[in-house]
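Letter by letter, the chains look like this.
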Amino acid sequence: MVALCLDDGEMPTFHEDDVREAQKLVEDMDDSVLISDILDKRPRANETIENVVIVDNIPVTDSSKLVKLTNVLLKIFSKCGKVDSHHIPLDENNKTKGFMFIVYKNGQEATNAISSCNGYKLDKNHCFAVNRLSDFEHCMSIPEKWEEPKPEPYKPQVNLKSWLCDPECFDQFAIVHGKNRNTAVHACGPNQSFPVQQREFWTESHVKFSPKGSYLATCHKQGIALWGGPDFSKVGRFNHHNVTYFQFSPCERYFVTYSKTSLSPEDPQNLIIWETRSCLNKRAFSLPVLNYWPYFKWSHDGQYFATITGDNLSIYSTPSMKLLDNKKISVQNISTSIIL
């Protein structure tokens, strides 16, 4: 402790023993004590690096075309989320090096960029390769000596086709009723039906079976939940708030959700195509007005999906989710009836 003596306007007197004790006290303190309020506000390294993606195979051009190139690239990648900053390195000749760094607001938006833009064809000579910066850090930290990984215990997956094992070959249907949104799944035979699963508040609006009966989808304010197996355990969840419409592809590999609420204030996309098994966002669209549902017409095998905007027919291919041949098909007076 430091003693200060202030008498009649005299200068404060520091006792030597007190000063020595104070210096020792400060030396024993680390930054977490001295500037804890500042350290609490600093970004965590793992949080920041997860927001950064590296885009390879961008065009190599000189600095005179850098502004135009930057605008084109940002127009593409800003569809995946809010771009906080970006950097395109130049070589000693003031030419781009063929790659760029993009910093998103959060890790989810970086994930959207990877899933949506990896493999994106800018033109016939440039196909983007998009990776998270942390993946490169992980590769650099791999030890030189290889160690055999320990096998994890086997966890059997839920049998999504368990209802086909019914010796009576009963089909199933679901009913939602009552003020508590009671949901009952019934087995239905030629002359009888009986409940196989009943729950209160299982859904907040409606339910729907997938085309092949593998999943039961329930609708909630926070998103859509998927259930399957003999006990209808939860097997997936799509985080999309206030969904009003949803659709399975015929092959059940993809799931489409539409909400009047966008993903975030910075991201106006509200129509999302998900991969059913992994629940990953594969492609998102901004759709201010929904004029019909389902919005997409799928091929029977899920290889293609299409929609109509004005006099244009847009056909997309999976799993890339890219516009087929990178162009729309113009058809005058095309009718929306072909996708209803």
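Predicted, not measured: the structure shown is a model, and the values here were computed from it.

**Some words on the overall build of the protein chain**
Stage number 1. Helix and strand counts for the protein chain come out as seven helices and 22 strands.
Stage number 2. By the burial criterion, 35% of the 340 residues in the protein chain qualify as buried.
Stage number 3. Contacts in the protein chain between residues at least 24 apart in sequence constitute 43% of all its contacts with a sequence separation of at least 6.

**Observations concerning the nonpolar core**
Stage number 1. With 19 residues, the main nonpolar core has L271, I273, F296, W298 and F305 as its most contacted residues.
Stage number 2. Sorting the residues of this core by element identifies strand 15 (254-259), strand 16 (271-275), strand 19 (304-309) and strand 20 (312-317) as the ones contributing at least two each.
Stage number 3. With residues near it in sequence (within four places) discarded, F296 still touches Q247, V256, L271, I273, F285, F305, A306 and T307.
Stage number 4. With 18 residues, the next largest nonpolar core counts V53, V55, F77 and M100 among its residues.

**Regarding the pattern of salt bridges**
Stage number 1. Taken as a whole, this structure holds one salt bridge when the rule is applied.
Stage number 2. For the salt bridge of R132 with E50, the shortest nitrogen-to-oxygen distance reads 3.4 Å. Linking R132 in strand 6 (residues 129-132) with E50 in the loop between helix 4 (45-49) and strand 1 (52-56), this pair joins segments that are 82 residues apart in sequence.
Stage number 3. Given a relative accessible area of 11%, R132 falls into the buried group.
Stage number 4. The class of E50 is partly exposed, set by a relative accessible area of 31%.

**Focus: the sheet that holds strand 9 (residues 193-199)**
Stage number 1. Pairing is antiparallel in the open sheet, where three strands are placed in the order 7-8-9. One side of each edge strand has no neighbouring strand; the edge strands of this open sheet are strand 7 (171-177) and strand 9. Averaged over all neighbouring strand pairs, the angle between strand axes comes to 25 degrees, with direction disregarded.
Stage number 2. Pairing of strand 8 (residues 182-188) with strand 9 involves six bridges; the strand directions are antiparallel. Paired with C188 across the two strands is S193, which belongs to strand 9.

**Some words on the confidence of the model for the protein chain**
Stage number 1. Scored by pLDDT, the protein chain comes out at a mean of 83, with 83% of its residues at no less than 70.
Stage number 2. Counted against residues more than four places away or in other chains, residues 1-12, with its pLDDT under 50, gives 17 contacts.

**Overview of the environment of D62**
Stage number 1. With respect to the secondary-structure elements, D62 resides in the loop between strand 1 and helix 5 (66-77).
Stage number 2. By relative accessible area, which is 32% here, D62 ends up partly exposed.
Stage number 3. Here the alpha-carbon distance between D62 and K95, two residues 33 residues apart in the chain, equals 4.2 Å.
Stage number 4. Setting aside residues no more than four positions away along its own chain, D62 makes contact with N94 and K95.
Stage number 5. Side-chain polar atoms of D62 contact the side chain of S64, separated by 2.4 Å.

**Quick notes on the environment of D91**
Stage number 1. Within the fold, D91 resides in the loop between strand 2 (83-87) and strand 3 (99-104).
Stage number 2. Taking relative accessible area as the criterion, D91 reaches 22% and is therefore assigned partly exposed.
Stage number 3. When the C-alpha positions of D91 and D62 are compared, they lie 9.6 Å apart, and in sequence the two are 29 residues distant.
Stage number 4. A distance of 2.9 Å separates a polar side-chain atom of D91 from the backbone nitrogen of N93.

**Brief notes about the sheet that holds strand 10 (residues 207-209)**
Stage number 1. Reading across the sheet, the four strands line up as 10-11-12-13 and stay open at both edges, with antiparallel pairing between neighbours. One side of each edge strand has no neighbouring strand; the edge strands of this open sheet are strand 10 and strand 13 (233-238). Between one strand and the next, the sheet's axes are offset by a mean angle of 25 degrees, whatever the strand orientation.
Stage number 2. Two strands pair when backbone bridges link them, and strand 12 (residues 223-228) and strand 13 are joined in this way by five bridges, in the antiparallel orientation. What sits directly across from I224, in strand 13, is F238.

**What about the packing of aromatic side chains?**
Stage number 1. Tallied over the entire structure, the rule returns 22 aromatic pairs.
Stage number 2. Relative to F305, the ring of F296 has its centre 5.0 Å away and its plane inclined at 80 degrees; by these criteria the two rings are edge-to-face. The exposure classification of F296 matches that of F305, with both residues buried.
Stage number 3. Connected via pairs of aromatic rings, a cluster forms that spans Y254, F285, Y292, Y295, F296, W298, F305 and Y316.
Stage number 4. Positioned above the aromatic ring of W202 is the side chain of R199, whose terminal nitrogen or guanidinium carbon lies 4.2 Å from the ring centre.

Calculation criteria
Per chain, the residues get numbers from 1 upward, laid out in the order the sequence is written. Local features are withheld for residues below a pLDDT of 70 in this predicted model, meaning they are given only at 70 or higher, and side-chain atom pairs are given and counted only at 80 or more; totals for whole chains, interfaces and linings count all residues. The basis for every side-chain value is the complete set of non-hydrogen atoms in the structure, without hydrogens or water. Under the scheme used here, helices are H or I runs from DSSP no shorter than 4 residues and strands are E runs no shorter than 2 residues, and both carry numbers assigned from the N terminus. Relative accessibility thresholds used throughout: buried, under 20% of the residue-type maximum; exposed, over 50%; partly exposed, between the two (1.4 Å probe, protein chains only). Whether two residues touch is decided by their heavy atoms; if any such pair falls within 4.5 Å, the residues are in contact. Among buried residues, those of type Ala, Val, Leu, Ile, Met, Phe, Trp, Tyr and Cys that are joined through side-chain atoms within 4.5 Å constitute a nonpolar core. Any Lys or Arg side-chain nitrogen located within 4 Å of an Asp or Glu carboxyl oxygen qualifies as a salt bridge. What makes two strands pair is DSSP finding at least two bridges between them. For every element, the axis is a line fit to its C-alpha atoms; helices are fit only across the contacting stretch, and the angle between N-to-C directions ranges from 0 to 180 degrees. pLDDT expresses how confident the predictor is about each individual residue, on a scale running from 0 to 100. Between N or O atoms, a polar contact is any pair within 3.5 Å; within protein, one atom must be a potential hydrogen donor and the other a potential acceptor, and residues adjacent in sequence are included only when both atoms are from side chains. Between the rings of Phe, Tyr and Trp (Trp by its six-membered ring), a pair exists once the centres lie within 6.5 Å; its type follows the angle of the planes, with under 30 degrees stacked, over 60 edge-to-face, and the other angles tilted. Here, over-ring charges are defined by two tests on the NZ atom of lysine or the CZ atom of arginine: distance to the ring centre within 6 Å, and angle to the ring normal within 35 degrees.

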